[in-house]
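Architecture and fold: a report
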Amino acid sequence: MSGTRFGILGPLLIEDPSGPRPVAAARQRAVLAALLLTAPRAIAATELAEQVWNLEPPAGAAGTLHSYLSRLRAALGPLGDRVRTHSSGYTVELHDGELDIDVFRALRERARVAVTRGDLQSATENYTEALALWRGAPLADVPSGPWRDDAVRYWDEQELLTREELFEAEVGLGRAAAVIPQLRVLVAENPFRERPAALLLGALAADGRRAEALTEYQRVRRVLVEEAGIEPGEQLKAAFLEILREDDDRPDAPRLLPADLPDFTGREEQLTALTEVLTKPEPGDAPAVVVVTGPGGIGKTSFAVHLGQRLRSEFPDGQVFLRLGGLRAPRRPAELVAEVLRAVGVTDIPGDPDRRTALLRSTLADRRVLLVLDDATDPAQIRRLLPASAPAAVVVTSRRRLPGLAGQVPVELGRLPADQAAAMLGRIIGAERAQSEPEAVARLVEACGGLPIALRICGARLAQRRGRSIASLVARLEAVGQRLEGIDALQSAPNSDPDSDPNPNPNHNENYNRSYNGSYNDKDDIAAAQTEHSALRRPLEESYLALNYGAAGRDVDLARAFRLLSLIGGERFSLPAAAAALGLDEFDADSAVEHLVQVSLLEATASDRFAFHPLIQELAREHAAATDTEQARDEAVRRWTSWCVAGAAAADRLFDPNRPKLAWEAWIPDASPAPFADLPEAGDWFDRESAGLLEAAAAAAAHGDHATAAALPLVLLHGFRIRGRVEELEEPLRAGVEAAVELGEPEVAGVQLNSLAIVYGALGRFDEAIATFAEAVPHYESAGLAERVAQARINAAITLAQSGRPAEAAERLTDSLAELDALPAAPLLSSLQVSVMLALTEALRDSGNPEAALALYPRLLAAAEAVGDTPRLAIAWGNLGKLHAKNGRAEEGVPCIDKALELHRSIGNRDGEGYALWALGEALALLEQKDRARCAWSEAREIFLALGRHGYAADLAQSIAEIAEPDTTDAADATNTADTPHTPDTATP
């Protein structure tokens, strides 16, 4: 938003980003008000004068008006330029969303469109937002006059009309009781206006107060006759007759939906889509059946109730709400059919189940009734309840997916996004209180994992303790350590149901202790377990306890699978990772995982990726600690981490085939069969599994698996380097150093420290990097590895250059190269020489000695080619191309940079590809090939945006903009603002 506002819906309002801009003089306010009301049309000077002086402008009005306009511009400050003079008169320039009446019109139009499509919830929200723009009487501080008074009357009428439309939508949503007091005020303020009176009659009737509605009609009629001398009009008569048309032979339409939750938030896209699904079928079509699934506490029932209340006007023959008992006490279909029949007014109910079902279908055949069937266990439980055809419709909620239910529209509810969860919390505790602690709200939302029941529990505790800060509640949850346990402890009513009507039907209580279909067999155990569980924990426990051995169609222990899968980390995991953790083949693992998804204990985040909700994962880990031995848990984690190491090592062999391998690495198992056919396939796997690979390193360290904790960072470094994500390896590398020391492997410890120093250098923490390279030296010396000692010192010199001391670095690197040339042949030696020469060419260039750098390039390129060091060969070609371009030989530099670009792409090095494209654009700009330069920079910018390098992307955007300027005088100037950064990552791992 611009921060600029103009307003006439109240006293005249002018604001810019620095605050209000009051206009003290009444005539100047009148001038501005006239301009705002006629914008964007220009208003002629004579017309403006007539409006300002109420149709009687004085002699010399033109000059006075000009003076008013000048003073008005001065009063408006930076906004004064918005008041423009044209040949046809005067205007005020407005941008979208700046004038309150324009915003009002847009919001009201949006609300009216929502009404036409049946989305009454969105309509009420937009109407309410539109009416909130009123700050008082329109133009309250503008002098009276015919034009001003006409405008005030018009906008007063628009406000009244909008309030009427809002109240009508509220009644349609089933909120008649809340609207009736407001309608009474509206009727009292407008005794001769019939629409408010008609709306009041309809609201009273909808609230079951028909007698009161008829009395109100007689009162309004008496006022009209006695005070205005007229009879009620068609609109008021129609409302009266609608009440009288009640069919005495047909029972009242059942209104059995629970009350809508006042804090219901979000899900708007799904609600809008389902509104169309449920209302679209015509009589005789197949009935609309919506199945809402998700884990316990995700808000399935409140969603279904909210949807039903929104569609109340679409189903005038009633809404029936049935609790089906769920996993703890599933009710019999015949019993449910009888309850629906009683709800719709049938008293003579057959005993035979088939006759009951037939009677229900015939009864619903011509009725617009909505059935909300809450907490179903399986399709068989609800098939007898389904109408034979539209216009009746059905909404089912279940913790399990119901694939056997034909014709359904499935909807899976996931966790609320952070913004919606924060908004919901604000509704519970008050928006002002939530806005006062935005960081604490964000932390609390994260702790609740977007689970509505968890948010309600925390919000209720905060609402009870008005003086308690949100931050203190978050601190308590963090002190507990386990979010599930911490939120669980806040629940004051342990027997409340998170997914239920606040006032459940007492007739269902006898079903409460029926046995599960799951692991428990003893009814007393079940009842005890249920009683102890809170609103948050109970539905999750029920889903877990209902897991049957072999229910997935194979000989698989699903409860064990649930527990052990919770131990493997990462934001999400793949099926092969799950198979490794469970010790199963992929077929059986797939059966287990798919079943856990079906019962909403696991989320399918993509076609082959799965994730736990964080609170469900905590529950699973609790049960793993209580049920599985420590050895069983450790073995599951070890199977998973071993799979991670094998896959990462196989990928590393493709990413960096010339990395000198440690003798110690021989223990790393080869993945069997070979997991990757080529480099792109390895890269895809690495990208998918990277979060889990990092978590595996931490898990291995936590479980005392020092070999894996030391191995994983070794085989992850290059993959993360070429993706520009080395910062993510800091913690695994620290743990890797500790693990190597525990293993008594000094070379491994030195390599981990060397890699950690590379990470510090890439993050610009140069002093830490140099100190960490020095830390590696004693480990290498104790292992008797002279070339590794030289490597650490060389890397420190490279870091010196990166830190802005190229001359000092050049001296050290020259000495290091001579030292390496004197060493006997060793496996690491050739790679070290390549690294030293690459760093030395950069240091010579940056210290003002480009000719010496150019002289070294032939040897550098030949050595890198001979070693097969593709990453450094690519960097060398790119640096050579930039050096040529900088020295005025851009035509020689372009082929070199093209070669670098080809090599970076061949190994999937997106980071290097971005640098090369940047350099290519600079060289092309110097050659006046502006279109090609712009294309190269645009491609580089997209890469850096994808890598999160927003500073580089901004620099490139500036270069693109400058080269596109028509007045650019020199192509070289286009590259002056953002020279290509040197590739920072040239140290040897």
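Worth saying up front: this structure is predicted, and the values here are computed from it rather than measured.

With that settled, consider the sheet that holds strand E10 (residues 408–412). With respect to topology, 5 strands assemble into an open sheet ordered E7-E8-E9-E6-E10, the strand pairing being parallel. Whereas interior strands pair on both sides, the edge strands pair on one side only; in this sheet they are strand E7 (319–323) and E10. With direction set aside, neighbouring strand axes in the sheet form an average angle of 15°. In this sheet, strand E9 (residues 393–398) lies alongside strand E6 (residues 288–293) in parallel orientation, the contact comprising 6 bridges. Each residue of the ladder has a partner; that of Val-289, found in E9, is Val-394. Strands E7 and strand E8 (370–376) of the sheet are contacted by helix H13 (residues 333–343), whose axis makes an angle of about 150° with E7.

The next subject is the confidence of the model for the protein chain. In the predicted model, the protein chain carries a mean pLDDT of 83, and 90% of its residues have values of at least 70. Every residue in residues 492–532 is under pLDDT 50, and counting partners more than four places away or in other chains gives 76 contacts. Note that residues 966–978 has pLDDT below 50 and, in this model, 21 contacts with residues that lie over four places away or in other chains.

The residue after Ala-39, namely Pro-40, is reached through a cis peptide bond having omega 5°. Structurally, Pro-40 is set in the loop between helix H1 (26–38) and helix H2 (45–52). That bond from Ala-390 to Pro-391 is cis: its omega, 20°, falls within 30 degrees of zero. Phi at Asp-375 takes a positive value of approximately 70°, unusual for a residue other than glycine. Topologically, Asp-375 is positioned in strand E8. Residue Asp-375 is classed as buried on the basis of its relative accessible area of 13%. Of note in the backbone geometry, Glu-928 takes a positive phi value of approximately 65° without being a glycine. Within the secondary structure, Glu-928 sits in the loop between helix H40 (910–926) and helix H41 (930–946).

Further remarks concern the sheet that holds strand E3 (residues 19–20). With antiparallel pairing, the 3 strands of this open sheet are ordered in space as E1-E2-E3. If you trace the sheet from one side to the other, it starts and ends with strand E1 (5–7) and E3, each paired once. Looking at chain direction, E1 and strand E2 (residues 13–16) are connected through 3 bridges and run antiparallel. For Gly-7, the partnering residue across the bridge sits in E2 and is Leu-13.

Parameters and conventions
Residues numbered from 1 in each chain as written. Predicted model: local features only at pLDDT ≥ 70, side-chain atom pairs only at ≥ 80, totals over all residues. Heavy atoms only, no water. Pairing = 2+ DSSP bridges. Helix = DSSP H or I, 4+ residues; strand = E, 2+ residues; numbered from the N terminus. Axes fitted to C-alpha atoms, helices over the stretch in contact; angles between N-to-C directions. Contact = heavy atoms within 4.5 Å. pLDDT = per-residue confidence, 0-100. Buried < 20%, exposed > 50% of the residue type's maximum accessible area, 1.4 Å probe, protein only.

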